[in-house]
Amino acid sequence: MSATPTLPAVPAIEDLLSAAAGRAFAYLRDSPNRPVVPGPAALQALGQLAYRLPWAATDPRDVLALLDRVGSPATVVTTGGRYFGFVNGGALPASVAAGWMVSTWDQNLALRVMSPAAVAFEDVALEWVRDLLGLPHGCGSAVVTGATMANFTALAAARHALLARAGWDVESDGLFGAPPLTVVTGDEVHVSVLKALALLGLGRARVRRVAVDDQGRMRPDALPALDSRTIVCIQAGNVNTGAFDPAADLCARAREAGAWVHVDGAFGLWAAASRRHRHLTNGFELADSWGTDGHKWPNVGYDCGIVLVRNPESLRSAMSTSSAYFVPGEMREPSQYSPEMSRRARAVELWASLLSLGRAGLADLVDRTCAHARTFANGLRESGYEILNDVVINQVLVSFGAPEVTRAVIARVQQDGTCWCGGTEWQGRTAMRISVSSWATTSEDVSRSLDAIRRAADESRR
Ligand SMILES: Cc1ncc(COP(=O)(O)O)c(C=O)c1O
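Residues numbered from 1 in each chain as written. Predicted model: local features only at pLDDT ≥ 70, side-chain atom pairs only at ≥ 80, totals over all residues. Heavy atoms only, no water.

**Some points on the overall build of the protein chain**
And then number 1: Counting its regular elements, the protein chain contains 13 helices and eleven strands.
And then number 2: The globule rule puts the C-alpha radius of gyration for 462 residues at 23 Å, and the 24 Å found for the protein chain is close to it.
And then number 3: Referenced to the eigenvectors of the C-alpha coordinate spread, the extents of the protein chain come out at roughly 65 × 65 × 45 Å.
And then number 4: Across the 462 residues that make up the protein chain, the buried fraction comes to 51%.
And then number 5: For the protein chain, restricting intrachain contacts to residue pairs at least 6 apart in sequence, the fraction spanning at least 24 positions comes to 74%.
And then number 6: Of the roughly 20700 Å² of accessible surface on the protein chain, 55% is carried by carbon and sulfur atoms.
And then number 7: In the protein chain, the 44 positive side-chain charges and the 46 negative ones have mean positions that sit 3 Å from each other. (Helix = DSSP H or I, 4+ residues; strand = E, 2+ residues; numbered from the N terminus. Rg over C-alpha atoms; globule rule 2.2 N^0.38 Å. Buried < 20%, exposed > 50% of the residue type's maximum accessible area, 1.4 Å probe, protein only. Contact = heavy atoms within 4.5 Å. Areas by Shrake-Rupley, 256 points an atom, 1.4 Å probe, with all protein chains shown as cover. Lys, Arg positive; Asp, Glu negative; His and termini not counted. Charge placed at Lys NZ, Arg CZ, Asp CG, Glu CD.)

**Remarks on unusual backbone geometry**
And then number 1: Look at the link from Tyr 302 to Asp 303: it is a cis peptide, with omega at -5 degrees.
And then number 2: Inspection of the secondary structure assignment puts Asp 303 in the loop between β6 (289–293) and β7 (305–309).
And then number 3: Residue Phe 86 is not a glycine yet carries a positive backbone phi of 50 degrees.
And then number 4: Topologically, Phe 86 is positioned in the loop between α3 (60–71) and α4 (93–105).
And then number 5: The backbone of Asn 299 shows a phi angle near 60 degrees, a positive value even though the residue is not glycine.

**Quick look at the packing of aromatic side chains**
And then number 1: Counted by the stated rule, this structure contains nine aromatic pairs.
And then number 2: Note on Phe 86 and Trp 420: the rings are 5.7 Å apart at their centroids and 20 degrees apart in plane angle, and the pair reads as stacked. With a gap of 334 residues between them, Phe 86 in the loop between α3 and α4 and Trp 420 in the loop between α12 (403–416) and β10 (422–426) connect regions that are remote in the sequence.
And then number 3: For the pair Phe 267 and Trp 297, a centre-to-centre distance of 6.5 Å together with 75 degrees between the ring planes defines the contact as edge-to-face. Here Phe 267 is found in the loop between β5 (260–264) and β6, whereas its partner Trp 297 is found in the loop between β6 and β7, with 30 residues between them in sequence. Like Trp 297, Phe 267 is buried. (Phe/Tyr/Trp six-rings, centres within 6.5 Å; stacked < 30°, edge-to-face > 60°.)

**Some details on the packing of α12 against helix α13 (residues 443–461)**
And then number 1: In contact at an axis separation of 8 Å, α12 and α13 are set at 130 degrees when each is read in the N-to-C sense. Relative to α13, α12 is oriented oblique. The crossing of α12 and α13 is right-handed. Seen from α12, the contacting residues are Val 405, Ala 408, Val 409, Arg 412, Val 413 and Asp 416; seen from α13, they are Ala 452, Ile 453, Arg 455, Ala 456, Ala 457, Glu 459, Ser 460 and Arg 461.
And then number 2: Among the residues making up the contact of α12 with α13, the classes are represented as eight nonpolar, one polar and five charged. (Axes fitted to C-alpha atoms, helices over the stretch in contact; angles between N-to-C directions. Parallel < 35°, antiparallel > 145°, perpendicular 65-115°, else oblique. Left-handed = near helix turned anticlockwise from the far one by under 90°. Nonpolar A, V, L, I, M, F, W, Y, C, P; charged D, E, K, R; others polar.)

**Let's talk about empty space enclosed by the protein**
And then number 1: Taken as a whole and judged by the stated rule, the model has one cavity of 30 Å³ or more.
And then number 2: Roughly 80 Å³ of volume is contained in the largest cavity.
And then number 3: Taken together, 14 residues line the largest cavity, and the ones lying closest to its centre are Gly 186, Val 189, Cys 233, Gln 235 and Asp 245.
And then number 4: The leading source of residues in the lining of the largest cavity is strand β4 (residues 230–235), at three residues. (1 Å grid on protein atoms, 1.4 Å probe; cavity = no way out; pocket = protein on both sides within 12 Å on 5 of 7 lines; lining within 4 Å. Points joined across faces, edges and corners; volume = space filled by probe spheres on them.)

**Regarding the layout of surface pockets**
And then number 1: Volume-wise, the largest pocket comes out at about 950 Å³.
And then number 2: Residue lining of the largest pocket: 33 residues in total, with Ala 20, Ala 24, Tyr 27, Val 96 and Trp 100 positioned closest to the centre.
And then number 3: Looking at the lining of the largest pocket, the elements that each hand over two or more residues are α1 (13–30), α3 and α4.

**Observations regarding the nonpolar core**
And then number 1: Among the nonpolar cores identified, the biggest contains 51 residues, and Ile 234, Trp 270 and Leu 350 are the most heavily contacted of them.
And then number 2: Sorting the residues of this core by element identifies α5 (116–132), β4, α9 (247–257), β5, β7 and α11 (347–382) as the ones contributing at least two each.
And then number 3: Tallying contributions element by element places α11 first for this core, with eight residues.
And then number 4: Residues contacting Trp 270, with those up to four places away along its chain left out, are Val 129, Leu 132, Leu 133, Thr 292, Asp 293, Trp 297, Pro 298, Ile 306, Leu 354, Leu 362 and Val 366. (Core = buried A, V, L, I, M, F, W, Y, C linked by side-chain atoms within 4.5 Å.)

**Describing α13**
And then number 1: Taking 1.5 Å of rise per residue, 19 residues should cover 27 Å, and α13 covers 27 Å from first to last C-alpha, within 8% of that figure.
And then number 2: The complete set of buried residues in α13 reads Asp 445, Val 446, Ser 449, Leu 450, Ala 452, Ile 453, Ala 456, Ala 457 and Ser 460. Each buried residue of α13 sits inside an arc of 165 degrees when the element is viewed along its axis, so together they form one side. Relative to its buried face, α13 has exposed residues pointing more than 90 degrees away, namely Ser 443 and Glu 444. (Expected span 1.5 Å × (residues − 1). Arc of directions from axis to C-beta.)

**Some points on the site of the ligand**
And then number 1: Around the ligand sit 14 residues, and of these Thr 148, Asp 264, Asp 293, His 295 and Lys 296 come closest.
And then number 2: Within the backbone of Ala 147, a nitrogen or oxygen atom sits 3.0 Å from an oxygen atom of the ligand.
And then number 3: Interatomic distance of 2.8 Å between a side-chain N/O atom of His 295 and an oxygen atom of the ligand.
And then number 4: By residue class, the composition of the shell around the ligand is five nonpolar, six polar and three charged. (Near = heavy atom within 4 Å. Polar contact = N/O pair within 3.5 Å; in protein donor to acceptor, adjacent residues only side chain to side chain.)

**Side note on the state of the cysteines**
And then number 1: Counted under the stated rule, the structure contains zero disulfides.
And then number 2: Considering cysteine sulfurs only, Cys 251 is the nearest to Cys 233, which forms no disulfide, with 12 Å between them.
And then number 3: A residue is classified by how much of its surface remains accessible, and Cys 233, at 4% relative accessible area, is buried.
And then number 4: What makes Cys 251 buried here is its relative accessible area of 4%. (Disulfide = S-S within 2.5 Å.)

What follows is the structure, given as C-alpha cells:
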C-alpha cells in the first residue's frame, strides 16, 4: 500500500519573498566583481539539476536555495556593465522590481476584463514608446516577446493588408492560391526578419535582396520596381555596424508604388530618444509598421518586444479572434493585437523602466552607450587595430588582423572573463563585435575592458 503524500508546511510567503530579495540583492551586489561568464565548475554543477522529478514535494525555501546555489553562479553576468555580446542590455533596477510585482500579481493580459490594471499599464507604455520613437498617432500596437515576434506580427499585418487589397482573405483562406506577394529586403537583413517571413509562409528564399553599401545600408538605386503587392523591409540599426537604411528615400519610393514598408528597428529606433542621435531615424516614421525591443537599448528585463502598425485595423484583422467564452470588449484588447492569447503583463516592466529613466534618462542612456562605443573604437584604433564600421551608435566592429588572429583574440577575451565580446563576419572580414547596450557600463568598465582586449590581442600575436 502506497503512503498518501502529505504537503510540507508552506513557509510564510513573506519569509520566502524576503529570502528571494536577499539572494537577488546579493547577486546584483556581486555582479560587477564576478567573471562575466561562468567557469567550468559552475557549468558542471548544472548537472545537479538533472534528476527525475521527485514524487514528494520540496519545501519552497529549499527550491529557492537550490536555484540560487546552482543557478546563480552559472549565469552570464549581463547586469554587471562589462557584457558586450549580441545587443544585450542589463535590466534596470525599476524593471527588476516591477518584474517582482508582475510575478506577484500573476495577471493575464489577454483581455481587459482579466486585468484592467495590466492593460492600463500596457496602454500607457505603448503610447510612451510611440511618442519616444516619433511614430504617428493612432498606431495599433502590442507588447510581444522580442523583435523577432514584433517583426512577425507586423509582417502578418502587412500580409493581411496587401492581400485584402487584392480581394483575398488570408486569415480565412490561407496562402494556397493567394495572389503572390513580393518581399524586398536589404542584403544585410537581420535573420529574424527572414525567420518571420518563413513562419508567415512568405518564404526566406523568395525574398528579393537589394545590394547594400559598406555599412550595410540598402542602396535606393538598387531597389527593384515596387507595386502594391510588395513588402519592403528596411532596417534602423544594423546588428553589426549599427547603420540605418536611407528611410526617407525608400519610404517615398514605396509610398508612390503603394507598397508596404516594415522597419526592423530592434535597437536602432531608440536613437530617436536622443537629440544628438535622432537625425539617424529621420524618415522611419513614414513606414507602415515597426518592430523594436524594450529589452535591448532601453534595458527592460527580458522579454520585451514591441510591434506598432500605422493602421490599427490591419494589425487587429491579422490577430483578432473570438469565441463564446472569450469575448473582446469595446476598448483595445491586448490579445486582439498580438499573436498570444494568455500573456504575462510584461508591459509593466516597460512602463516602470521608461518612467524611472524619464525622457532625459533614456536620452542619456543612448548617448552614454554611444560615447562608450566611440571610446572603444578610438582606443583600439590607437593601438593599431582596424575598426571596420563607422561607429554611428553603440556598435563597434574590430579586426585584429588575419581571421584566425581575430578569432584567437575573441576566444582569449571570452576566457579571461573581464568582459565578453562575440564574433561576426562582416562583408568577408572576421571581426569582434562590441555592443555597448547596458545602463550599468561605466567609463571604468570600458577602460578595464579595453585593457583586457589589448592584453588578449598582444598574447594572441605572440
Ligand atoms: C536588428 C535586429 N533585429 C531583430 C533582432 C531579434 O531580436 P529578438 O532577439 O529580441 O527577437 C535583433 C537581435 O539582435 C536585431 O539586432
